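Summary of the model geometry
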Amino acid sequence: MAWCKVNLKRSHRQGRASQAVMWVECKVLEAGCGGRRRSLRSTVMRLPCSFWFLLLLGAGGLLLLHLQDLTETLQQQNQGAKVIFSQVHAIRKEPCPYCPDNNRQTDPTEDNFPRSAQPVQLPVFPWVQRSSQINPKDITAAHVTKSHRKLLLKSGLLVQQLNADPPGQIKENPEQLSQVQLSRQRLMREVCAKYTSGSTKQTITRMHVSRIFVEDKHKLLYCEVPKAGCSNWKRVLMVLQGLASSTGEIQHDEVHYGNHLKRLDSFDQNGIIHRLKTYTKVLFLREPFERLVSAFRDKFESPNSYYHPVFGKPIISKYRSNATQYALRTGAGVTFKEFIQYLLDVHRPVGMDIHWEPVGHLCSPCLLDYDFIGKFETLEEEANFLLRSIGAPSNLTFPSFKDRNPNAERTSLEITRRYFAQLNVTERQRAYDFYYMDYLMFNYSKPFKDLY
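Cut-offs applied
- Residues numbered from 1 in each chain as written.
- Predicted model: local features only at pLDDT ≥ 70, side-chain atom pairs only at ≥ 80, totals over all residues.
- Heavy atoms only, no water.
- Helix = DSSP H or I, 4+ residues; strand = E, 2+ residues; numbered from the N terminus.
- Polar contact = N/O pair within 3.5 Å; in protein donor to acceptor, adjacent residues only side chain to side chain.
- Contact = heavy atoms within 4.5 Å.
- Buried < 20%, exposed > 50% of the residue type's maximum accessible area, 1.4 Å probe, protein only.
- Pairing = 2+ DSSP bridges.
- Arc of directions from axis to C-beta.
- Salt bridge = Lys/Arg side-chain N within 4 Å of Asp/Glu carboxyl O.
- Axes fitted to C-alpha atoms, helices over the stretch in contact; angles between N-to-C directions.
- Phe/Tyr/Trp six-rings, centres within 6.5 Å; stacked < 30°, edge-to-face > 60°.
- Lys NZ or Arg CZ within 6 Å of the ring centre and 35° of its normal.
- Parallel < 35°, antiparallel > 145°, perpendicular 65-115°, else oblique.
- Left-handed = near helix turned anticlockwise from the far one by under 90°.
- Nonpolar A, V, L, I, M, F, W, Y, C, P; charged D, E, K, R; others polar.

Description of the side chain of Lys234
With respect to the element layout, Lys234 can be found in helix 5 (residues 230-240). In terms of polar contacts, Lys234 uses its side chain to reach the side chain of His256, at 3.4 Å. In this structure Lys234 touches Phe213, Glu224, Val255, His256 and Leu261, once residues within four positions along its chain are discounted.

Focus: the pairing of strand 5 (residues 220-223)
Going residue by residue along strand 5, you find Leu220 and Tyr222 tucked away on one face and Leu221 and Cys223 tucked away on the opposite face as well. Note that strand 4 (residues 212-215) and strand 5 share 4 bridges and pair antiparallel. By the bridge assignment, Ile212 is partnered in strand 5 with Cys223. For strand 5 and strand 7 (residues 280-285), the ladder comprises 4 bridges, and the chain directions are parallel. Counterpart to Leu221 in the pairing with strand 7 is Lys281.

Notes on helix 15 (residues 413-420)
The complete set of buried residues in helix 15 reads Ile415, Thr416, Tyr419 and Phe420. End-on view of helix 15: buried residues confined to an arc of 135°, all on one side of the axis. Buried residues along helix 15 sit against helix 8 (288-300), helix 11 (336-344) and helix 16 (425-434).

With respect to the pattern of salt bridges
Enumeration according to the criterion identifies 14 salt bridges in this entry. For Lys227, the salt bridge is made with Asp298, and the minimal N-O distance between the two is 3.3 Å. Here Lys227 is found in the loop between strand 5 and helix 5, whereas its partner Asp298 is found in helix 8, with 71 residues between them in sequence. Of the residues examined, Asp298 reaches a relative accessible area of 5% and is grouped as buried.

So, the sheet that holds strand 5
Read from one edge to the other, the open sheet built from 5 strands follows the order 6-4-5-7-8, with strand pairing classed as mixed. The open sheet is flanked by strand 6 (262-263) and strand 8 (372-375), the only strands paired with a single partner. Across the sheet, helix 5 is in contact with strand 4, strand 5 and strand 7; its angle to strand 5 comes to roughly 160°.

Regarding the packing of aromatic side chains
Aromatic ring pairs are described here by two measures, namely the spacing of the ring centres and the angle between the planes. All told, the structure shown has 30 aromatic pairs when counted by the stated rule. Relative to Phe385, the ring of Phe372 has its centre 6.3 Å away and its plane inclined at 40°; by these criteria the two rings are tilted. Here Phe385 lies in helix 14 (residues 379-389) and Phe372 lies in strand 8, a separation of 13 residues in the sequence. With a relative accessible area of 1%, Phe372 lands in the buried category. The ring of Tyr444 has Lys375 lying over it, and the distance from NZ or CZ to the ring centre is 4.4 Å.

Considering the packing of helix 5 against helix 14
Helix 14 packs onto helix 5 with a crossing angle of 20° between their chain directions and a minimal axis gap of 13 Å. One element, helix 5, and the other, helix 14, form an angle in the roughly parallel class. Crossing angle aside, the handedness with which helix 5 passes helix 14 is right-handed. From helix 5, Trp233, Val236 and Leu240 reach across to helix 14, where they touch Leu379, Ala383, Leu386 and Leu387. The residue inventory of the contact of helix 5 with helix 14, partitioned by class, reads 7 nonpolar, no polar and no charged.

A look at the side chain of Asp298
Of note is the side chain of Asp298, whose polar atom sits 3.2 Å from the side chain of Lys299. Apart from residues no more than four positions distant in its own chain, Asp298 is found in contact with Lys227, Asn304, Arg404 and Asn405.

Description of the environment of Lys219
Among the structural elements, Lys219 can be located in the loop between strand 4 and strand 5. In this structure, the C-alpha to C-alpha distance between Lys219 and Leu276, residues 57 residues apart in sequence, is 9.9 Å. Beyond its immediate chain neighbours, meaning those up to four positions away, Lys219 contacts Tyr279 and Thr280.

Focus: the environment of Glu380
Residue position: Glu380 is located in helix 14. You can call Glu380 partly exposed: its relative accessible area is 39%. It is 7.2 Å that separates the C-alpha atoms of Glu380 and Ser400, two residues lying 20 residues apart in sequence. Sequence-distant contacts of Glu380, defined by excluding residues within four places in its chain, comprise Phe398 and Ser400.

So yeah, pure geometry; function would need other evidence.
Okay, here's the thing in C-alpha coordinates:
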(Lines give C-alpha, C1' and ligand atoms only; values in the text may rest on other atoms or scores of the structure.)
Protein backbone atom coordinates (compact mmCIF):
# COMPACT_ATOMS: atom_id res chain seq x y z
CA MET A 1 0.00 0.00 0.00
CA ALA A 2 1.42 3.40 -1.02
CA TRP A 3 0.37 6.95 -0.41
CA CYS A 4 1.79 10.27 -1.68
CA LYS A 5 1.63 13.77 -0.38
CA VAL A 6 2.36 16.75 -2.61
CA ASN A 7 3.51 19.96 -1.06
CA LEU A 8 3.68 23.09 -3.16
CA LYS A 9 5.81 25.87 -1.87
CA ARG A 10 6.57 29.24 -3.44
CA SER A 11 9.77 31.03 -2.62
CA HIS A 12 10.61 34.65 -3.33
CA ARG A 13 14.13 36.03 -3.50
CA GLN A 14 15.37 39.56 -4.19
CA GLY A 15 12.41 40.66 -6.24
CA ARG A 16 12.62 37.77 -8.71
CA ALA A 17 9.53 36.13 -10.11
CA SER A 18 8.18 33.48 -7.84
CA GLN A 19 9.33 29.98 -8.54
CA ALA A 20 7.24 26.95 -7.86
CA VAL A 21 9.03 24.25 -5.96
CA MET A 22 7.36 20.96 -5.77
CA TRP A 23 8.25 18.12 -3.57
CA VAL A 24 6.75 14.80 -4.04
CA GLU A 25 6.92 13.02 -0.75
CA CYS A 26 5.96 9.46 -0.68
CA LYS A 27 5.75 6.96 2.04
CA VAL A 28 5.38 3.34 1.36
CA LEU A 29 3.50 1.24 3.84
CA GLU A 30 4.01 -2.39 3.57
CA ALA A 31 2.37 -5.03 5.67
CA GLY A 32 4.68 -7.53 7.31
CA CYS A 33 4.22 -11.30 7.78
CA GLY A 34 2.99 -11.06 11.35
CA GLY A 35 0.71 -8.13 10.67
CA ARG A 36 3.46 -5.75 11.52
CA ARG A 37 4.05 -2.61 9.51
CA ARG A 38 7.40 -1.36 8.42
CA SER A 39 7.86 2.27 7.33
CA LEU A 40 10.61 3.35 4.99
CA ARG A 41 12.35 6.66 4.61
CA SER A 42 10.71 9.26 2.35
CA THR A 43 12.08 8.92 -1.18
CA VAL A 44 11.73 10.92 -4.32
CA MET A 45 9.54 8.91 -6.66
CA ARG A 46 10.88 8.46 -10.20
CA LEU A 47 8.58 9.70 -12.92
CA PRO A 48 7.56 7.09 -15.52
CA CYS A 49 9.33 6.93 -18.94
CA SER A 50 6.12 7.82 -20.76
CA PHE A 51 6.10 11.24 -19.06
CA TRP A 52 9.63 12.05 -20.30
CA PHE A 53 8.76 10.81 -23.80
CA LEU A 54 5.75 13.13 -24.01
CA LEU A 55 7.80 16.02 -22.64
CA LEU A 56 10.55 15.55 -25.24
CA LEU A 57 8.01 15.12 -28.04
CA GLY A 58 6.35 18.41 -27.16
CA ALA A 59 9.66 20.25 -26.99
CA GLY A 60 10.69 18.80 -30.36
CA GLY A 61 7.46 19.99 -31.96
CA LEU A 62 7.98 23.53 -30.69
CA LEU A 63 11.57 23.48 -31.98
CA LEU A 64 10.48 22.36 -35.47
CA LEU A 65 7.89 25.13 -35.67
CA HIS A 66 10.52 27.68 -34.68
CA LEU A 67 13.00 26.41 -37.28
CA GLN A 68 10.33 26.48 -39.99
CA ASP A 69 9.51 30.11 -39.26
CA LEU A 70 13.21 30.97 -39.20
CA THR A 71 13.80 29.23 -42.57
CA GLU A 72 10.93 31.11 -44.22
CA THR A 73 12.30 34.38 -42.92
CA LEU A 74 15.79 33.66 -44.25
CA GLN A 75 14.44 32.64 -47.66
CA GLN A 76 12.60 35.92 -47.97
CA GLN A 77 15.70 37.88 -47.05
CA ASN A 78 18.18 35.91 -49.16
CA GLN A 79 17.70 36.99 -52.78
CA GLY A 80 21.02 35.76 -54.14
CA ALA A 81 23.26 32.76 -53.85
CA LYS A 82 25.93 32.84 -51.20
CA VAL A 83 29.50 32.69 -52.38
CA ILE A 84 31.53 30.44 -50.12
CA PHE A 85 35.00 29.18 -50.99
CA SER A 86 36.49 26.11 -49.42
CA GLN A 87 39.74 24.16 -49.54
CA VAL A 88 40.31 21.29 -51.93
CA HIS A 89 39.53 18.57 -49.43
CA ALA A 90 36.15 20.15 -48.61
CA ILE A 91 34.94 20.53 -52.20
CA ARG A 92 31.71 18.71 -52.95
CA LYS A 93 31.85 16.77 -56.22
CA GLU A 94 28.85 17.10 -58.51
CA PRO A 95 28.36 13.93 -60.55
CA CYS A 96 26.11 13.81 -63.57
CA PRO A 97 22.68 12.52 -62.40
CA TYR A 98 22.28 10.33 -65.47
CA CYS A 99 25.82 9.30 -66.39
CA PRO A 100 28.34 8.78 -63.60
CA ASP A 101 31.71 9.53 -65.14
CA ASN A 102 34.34 9.55 -62.47
CA ASN A 103 37.01 9.45 -65.18
CA ARG A 104 36.28 12.99 -66.36
CA GLN A 105 39.58 14.66 -67.15
CA THR A 106 40.22 17.79 -65.10
CA ASP A 107 43.09 20.14 -64.47
CA PRO A 108 44.95 19.05 -61.29
CA THR A 109 45.63 22.70 -60.49
CA GLU A 110 41.94 23.51 -60.13
CA ASP A 111 40.07 24.01 -56.86
CA ASN A 112 42.99 25.30 -54.84
CA PHE A 113 41.24 27.96 -52.79
CA PRO A 114 42.21 29.23 -49.38
CA ARG A 115 39.77 28.87 -46.53
CA SER A 116 36.22 30.11 -46.54
CA ALA A 117 35.26 33.74 -47.16
CA GLN A 118 32.27 35.70 -45.96
CA PRO A 119 29.05 35.21 -47.98
CA VAL A 120 28.13 37.98 -50.40
CA GLN A 121 24.98 38.86 -52.32
CA LEU A 122 25.05 38.50 -56.10
CA PRO A 123 24.01 41.51 -58.22
CA VAL A 124 20.76 42.37 -59.94
CA PHE A 125 20.84 42.85 -63.70
CA PRO A 126 19.56 46.37 -64.50
CA TRP A 127 16.25 45.46 -66.13
CA VAL A 128 15.42 42.28 -64.24
CA GLN A 129 13.66 42.11 -60.89
CA ARG A 130 14.87 39.10 -59.01
CA SER A 131 12.41 36.76 -57.37
CA SER A 132 12.61 36.73 -53.58
CA GLN A 133 10.86 33.40 -53.28
CA ILE A 134 13.47 31.20 -54.93
CA ASN A 135 16.91 30.42 -53.59
CA PRO A 136 18.95 28.91 -56.47
CA LYS A 137 21.29 26.06 -55.59
CA ASP A 138 23.06 23.14 -57.18
CA ILE A 139 21.33 21.48 -60.12
CA THR A 140 22.89 18.08 -59.69
CA ALA A 141 21.57 17.38 -56.21
CA ALA A 142 18.81 15.00 -57.33
CA HIS A 143 18.39 12.27 -59.92
CA VAL A 144 15.77 12.99 -62.56
CA THR A 145 12.93 10.49 -62.70
CA LYS A 146 9.46 10.42 -64.25
CA SER A 147 7.88 11.19 -60.88
CA HIS A 148 10.15 14.23 -60.49
CA ARG A 149 9.05 15.49 -63.87
CA LYS A 150 5.37 15.09 -63.01
CA LEU A 151 5.93 16.93 -59.74
CA LEU A 152 7.75 19.71 -61.54
CA LEU A 153 5.06 20.16 -64.15
CA LYS A 154 2.35 20.54 -61.49
CA SER A 155 3.53 24.08 -60.81
CA GLY A 156 1.27 26.62 -62.46
CA LEU A 157 4.10 29.15 -62.76
CA LEU A 158 6.29 26.60 -64.46
CA VAL A 159 3.60 25.61 -66.96
CA GLN A 160 3.18 29.27 -67.88
CA GLN A 161 6.94 29.67 -68.29
CA LEU A 162 7.20 26.60 -70.51
CA ASN A 163 5.07 28.40 -73.08
CA ALA A 164 6.49 31.88 -72.49
CA ASP A 165 9.39 31.89 -74.95
CA PRO A 166 8.38 30.31 -78.28
CA PRO A 167 11.33 30.15 -80.70
CA GLY A 168 11.34 32.41 -83.71
CA GLN A 169 8.98 34.99 -82.22
CA ILE A 170 11.46 37.37 -80.60
CA LYS A 171 11.39 40.81 -82.18
CA GLU A 172 13.92 43.61 -82.00
CA ASN A 173 12.12 45.40 -79.22
CA PRO A 174 14.01 46.28 -76.01
CA GLU A 175 10.94 45.89 -73.81
CA GLN A 176 10.05 42.53 -75.30
CA LEU A 177 13.64 41.30 -75.07
CA SER A 178 13.70 42.38 -71.43
CA GLN A 179 10.51 40.42 -70.78
CA VAL A 180 12.03 37.39 -72.49
CA GLN A 181 15.01 37.62 -70.12
CA LEU A 182 12.72 37.90 -67.13
CA SER A 183 10.77 34.85 -68.29
CA ARG A 184 13.89 32.77 -68.83
CA GLN A 185 15.34 33.68 -65.46
CA ARG A 186 12.11 32.87 -63.64
CA LEU A 187 11.95 29.47 -65.31
CA MET A 188 15.60 28.74 -64.54
CA ARG A 189 15.17 29.62 -60.86
CA GLU A 190 11.94 27.66 -60.63
CA VAL A 191 13.58 24.52 -61.99
CA CYS A 192 16.64 25.01 -59.78
CA ALA A 193 14.47 25.42 -56.70
CA LYS A 194 12.46 22.28 -57.52
CA TYR A 195 15.58 20.14 -57.83
CA THR A 196 17.47 21.55 -54.87
CA SER A 197 17.72 20.06 -51.43
CA GLY A 198 17.05 22.75 -48.82
CA SER A 199 19.82 21.41 -46.61
CA THR A 200 22.49 21.45 -49.33
CA LYS A 201 25.11 24.10 -48.70
CA GLN A 202 26.08 26.15 -51.73
CA THR A 203 29.77 26.19 -52.48
CA ILE A 204 31.41 27.95 -55.41
CA THR A 205 34.84 26.58 -56.30
CA ARG A 206 37.34 27.32 -59.04
CA MET A 207 35.89 24.42 -60.99
CA HIS A 208 32.51 26.20 -61.18
CA VAL A 209 34.02 29.35 -62.70
CA SER A 210 36.71 27.73 -64.87
CA ARG A 211 34.66 28.16 -68.09
CA ILE A 212 33.95 31.86 -67.50
CA PHE A 213 35.87 34.54 -69.42
CA VAL A 214 36.35 38.01 -67.94
CA GLU A 215 36.12 41.40 -69.68
CA ASP A 216 36.92 43.99 -67.03
CA LYS A 217 36.38 47.19 -69.00
CA HIS A 218 32.64 46.57 -69.49
CA LYS A 219 32.32 44.32 -66.42
CA LEU A 220 31.22 41.25 -68.32
CA LEU A 221 31.49 37.57 -67.39
CA TYR A 222 30.82 35.15 -70.25
CA CYS A 223 30.46 31.39 -69.70
CA GLU A 224 31.77 29.45 -72.68
CA VAL A 225 29.33 26.89 -74.12
CA PRO A 226 30.99 25.23 -77.15
CA LYS A 227 28.91 24.98 -80.35
CA ALA A 228 26.71 27.87 -79.23
CA GLY A 229 28.58 30.79 -80.79
CA CYS A 230 31.49 30.76 -78.33
CA SER A 231 34.21 31.45 -80.94
CA ASN A 232 32.52 34.64 -82.09
CA TRP A 233 31.84 35.63 -78.48
CA LYS A 234 35.56 35.36 -77.78
CA ARG A 235 36.20 37.64 -80.74
CA VAL A 236 33.76 40.16 -79.30
CA LEU A 237 35.51 40.01 -75.91
CA MET A 238 38.87 40.61 -77.57
CA VAL A 239 37.53 43.72 -79.33
CA LEU A 240 35.98 44.96 -76.08
CA GLN A 241 39.36 44.62 -74.40
CA GLY A 242 41.09 46.57 -77.18
CA LEU A 243 43.07 43.56 -78.46
CA ALA A 244 41.64 43.98 -81.97
CA SER A 245 39.78 46.68 -83.86
CA SER A 246 37.19 44.35 -85.41
CA THR A 247 36.02 40.76 -85.06
CA GLY A 248 36.66 39.97 -88.73
CA GLU A 249 40.44 40.24 -88.43
CA ILE A 250 40.77 37.64 -85.66
CA GLN A 251 41.63 34.16 -86.94
CA HIS A 252 40.39 30.88 -85.43
CA ASP A 253 43.74 29.83 -83.94
CA GLU A 254 44.21 33.26 -82.42
CA VAL A 255 40.81 32.93 -80.73
CA HIS A 256 41.31 29.48 -79.25
CA TYR A 257 45.08 29.20 -78.79
CA GLY A 258 46.24 32.80 -78.43
CA ASN A 259 45.50 32.86 -74.68
CA HIS A 260 44.49 36.52 -74.81
CA LEU A 261 41.42 36.28 -72.57
CA LYS A 262 41.45 35.84 -68.82
CA ARG A 263 39.37 33.22 -67.09
CA LEU A 264 37.67 33.91 -63.81
CA ASP A 265 39.52 31.12 -62.02
CA SER A 266 42.85 32.87 -62.76
CA PHE A 267 42.06 35.58 -60.19
CA ASP A 268 42.55 35.30 -56.47
CA GLN A 269 39.69 34.69 -54.08
CA ASN A 270 38.82 38.35 -53.57
CA GLY A 271 38.97 39.03 -57.31
CA ILE A 272 36.55 36.20 -58.03
CA ILE A 273 34.10 37.27 -55.34
CA HIS A 274 34.21 40.91 -56.46
CA ARG A 275 33.49 40.06 -60.09
CA LEU A 276 30.70 37.60 -59.30
CA LYS A 277 29.12 40.28 -57.14
CA THR A 278 29.37 43.27 -59.49
CA TYR A 279 29.75 42.06 -63.11
CA THR A 280 27.06 41.02 -65.60
CA LYS A 281 27.06 37.23 -65.89
CA VAL A 282 26.15 36.02 -69.39
CA LEU A 283 25.22 32.58 -70.70
CA PHE A 284 24.41 31.65 -74.32
CA LEU A 285 23.22 28.13 -75.11
CA ARG A 286 21.67 25.98 -77.84
CA GLU A 287 19.07 23.26 -78.34
CA PRO A 288 20.84 20.27 -76.70
CA PHE A 289 20.44 17.66 -79.48
CA GLU A 290 21.38 20.21 -82.15
CA ARG A 291 24.46 21.22 -80.17
CA LEU A 292 25.40 17.54 -79.78
CA VAL A 293 25.11 16.82 -83.51
CA SER A 294 27.07 19.98 -84.31
CA ALA A 295 29.89 18.81 -82.03
CA PHE A 296 29.89 15.33 -83.56
CA ARG A 297 30.06 16.66 -87.14
CA ASP A 298 32.86 19.07 -86.25
CA LYS A 299 35.03 16.68 -84.26
CA PHE A 300 34.49 13.31 -85.96
CA GLU A 301 33.37 13.94 -89.54
CA SER A 302 36.12 16.45 -90.29
CA PRO A 303 39.88 15.82 -89.99
CA ASN A 304 40.97 16.42 -86.42
CA SER A 305 44.38 15.64 -84.95
CA TYR A 306 43.10 15.57 -81.38
CA TYR A 307 39.61 14.09 -81.25
CA HIS A 308 40.29 11.19 -83.64
CA PRO A 309 43.18 9.66 -81.69
CA VAL A 310 42.05 10.69 -78.19
CA PHE A 311 38.32 9.90 -78.49
CA GLY A 312 37.90 8.06 -81.78
CA LYS A 313 40.32 5.21 -81.11
CA PRO A 314 38.86 4.11 -77.74
CA ILE A 315 35.28 4.54 -79.03
CA ILE A 316 35.90 2.32 -82.06
CA SER A 317 37.83 -0.19 -79.97
CA LYS A 318 34.98 -0.66 -77.49
CA TYR A 319 31.83 -0.29 -79.56
CA ARG A 320 32.71 -1.62 -83.03
CA SER A 321 33.00 -5.32 -83.66
CA ASN A 322 35.43 -6.42 -86.39
CA ALA A 323 37.02 -2.96 -86.59
CA THR A 324 39.74 -2.59 -89.20
CA GLN A 325 43.34 -2.00 -88.22
CA TYR A 326 43.20 1.39 -89.91
CA ALA A 327 40.22 2.48 -87.80
CA LEU A 328 41.84 1.21 -84.60
CA ARG A 329 45.09 2.95 -85.46
CA THR A 330 43.69 6.33 -86.52
CA GLY A 331 40.33 6.62 -84.72
CA ALA A 332 38.76 8.01 -87.91
CA GLY A 333 35.23 7.16 -89.03
CA VAL A 334 33.35 7.08 -85.70
CA THR A 335 29.63 6.68 -86.42
CA PHE A 336 26.96 8.70 -84.65
CA LYS A 337 25.53 5.55 -83.08
CA GLU A 338 28.94 4.63 -81.66
CA PHE A 339 29.34 8.17 -80.37
CA ILE A 340 25.98 7.97 -78.55
CA GLN A 341 26.96 4.58 -77.07
CA TYR A 342 30.07 6.22 -75.65
CA LEU A 343 28.12 9.23 -74.36
CA LEU A 344 25.58 7.09 -72.48
CA ASP A 345 28.03 4.48 -71.17
CA VAL A 346 28.48 4.57 -67.40
CA HIS A 347 31.98 3.14 -67.91
CA ARG A 348 33.20 5.31 -70.77
CA PRO A 349 36.54 4.34 -72.31
CA VAL A 350 37.50 8.04 -72.33
CA GLY A 351 36.26 10.95 -70.23
CA MET A 352 33.70 13.69 -70.88
CA ASP A 353 34.41 16.68 -73.13
CA ILE A 354 33.14 20.27 -72.90
CA HIS A 355 31.74 20.17 -76.46
CA TRP A 356 28.95 17.78 -75.44
CA GLU A 357 28.83 18.25 -71.68
CA PRO A 358 25.42 19.55 -70.44
CA VAL A 359 25.22 23.31 -69.86
CA GLY A 360 24.10 22.67 -66.28
CA HIS A 361 27.52 21.17 -65.57
CA LEU A 362 29.59 23.55 -67.67
CA CYS A 363 28.26 26.83 -66.30
CA SER A 364 26.50 25.89 -63.02
CA PRO A 365 23.44 28.13 -63.66
CA CYS A 366 21.72 27.15 -60.42
CA LEU A 367 24.76 28.20 -58.44
CA LEU A 368 25.83 31.37 -60.27
CA ASP A 369 22.37 32.71 -61.21
CA TYR A 370 23.16 34.32 -64.57
CA ASP A 371 21.93 37.83 -65.36
CA PHE A 372 21.49 37.28 -69.10
CA ILE A 373 20.45 34.00 -70.77
CA GLY A 374 20.80 34.07 -74.55
CA LYS A 375 19.96 31.43 -77.14
CA PHE A 376 21.76 30.38 -80.30
CA GLU A 377 18.49 30.37 -82.21
CA THR A 378 18.28 34.18 -81.85
CA LEU A 379 21.98 34.74 -81.25
CA GLU A 380 22.74 37.91 -83.22
CA GLU A 381 19.70 39.83 -82.07
CA GLU A 382 20.11 39.01 -78.39
CA ALA A 383 23.90 39.43 -78.43
CA ASN A 384 23.59 42.91 -79.98
CA PHE A 385 20.89 43.81 -77.45
CA LEU A 386 23.29 42.81 -74.66
CA LEU A 387 26.19 44.75 -76.19
CA ARG A 388 24.11 47.93 -76.31
CA SER A 389 23.02 47.35 -72.71
CA ILE A 390 26.58 47.15 -71.34
CA GLY A 391 27.74 50.24 -73.26
CA ALA A 392 29.83 48.54 -75.96
CA PRO A 393 31.03 50.68 -78.89
CA SER A 394 28.20 51.41 -81.32
CA ASN A 395 30.16 50.02 -84.28
CA LEU A 396 30.65 46.63 -82.60
CA THR A 397 28.07 44.06 -83.64
CA PHE A 398 28.02 40.32 -83.16
CA PRO A 399 29.64 38.52 -86.15
CA SER A 400 27.61 36.05 -88.17
CA PHE A 401 30.34 34.16 -90.05
CA LYS A 402 30.96 30.44 -89.51
CA ASP A 403 34.21 29.81 -87.68
CA ARG A 404 35.23 26.32 -88.85
CA ASN A 405 34.36 24.46 -92.06
CA PRO A 406 32.75 27.57 -93.58
CA ASN A 407 31.57 25.62 -96.65
CA ALA A 408 29.71 23.02 -94.60
CA GLU A 409 26.01 23.48 -93.94
CA ARG A 410 25.18 24.68 -90.46
CA THR A 411 23.69 22.06 -88.19
CA SER A 412 19.94 22.65 -88.19
CA LEU A 413 16.95 20.96 -86.63
CA GLU A 414 16.40 19.03 -89.87
CA ILE A 415 19.98 17.75 -89.91
CA THR A 416 19.71 16.87 -86.23
CA ARG A 417 16.63 14.75 -86.88
CA ARG A 418 18.44 12.84 -89.63
CA TYR A 419 21.25 11.90 -87.25
CA PHE A 420 18.94 10.84 -84.45
CA ALA A 421 16.92 8.72 -86.89
CA GLN A 422 19.93 6.37 -86.82
CA LEU A 423 19.16 5.53 -83.19
CA ASN A 424 16.45 3.32 -81.73
CA VAL A 425 13.77 4.60 -79.36
CA THR A 426 15.67 3.58 -76.23
CA GLU A 427 18.85 5.35 -77.31
CA ARG A 428 16.95 8.53 -78.13
CA GLN A 429 15.20 8.42 -74.77
CA ARG A 430 18.44 7.94 -72.87
CA ALA A 431 20.07 10.80 -74.78
CA TYR A 432 17.08 12.99 -73.90
CA ASP A 433 17.44 11.98 -70.24
CA PHE A 434 21.13 12.91 -70.41
CA TYR A 435 20.22 16.49 -71.39
CA TYR A 436 16.85 16.62 -69.64
CA MET A 437 17.73 19.41 -67.21
CA ASP A 438 18.99 21.57 -70.09
CA TYR A 439 15.74 20.99 -71.97
CA LEU A 440 13.64 21.81 -68.94
CA MET A 441 15.61 24.69 -67.48
CA PHE A 442 15.99 26.59 -70.76
CA ASN A 443 12.56 25.91 -72.23
CA TYR A 444 13.33 23.65 -75.17
CA SER A 445 10.52 21.37 -76.32
CA LYS A 446 10.92 17.62 -76.80
CA PRO A 447 12.60 16.95 -80.16
CA PHE A 448 10.67 13.71 -80.74
CA LYS A 449 7.06 12.84 -79.93
CA ASP A 450 7.90 9.39 -78.57
CA LEU A 451 10.01 10.84 -75.74
CA TYR A 452 8.61 11.15 -72.25
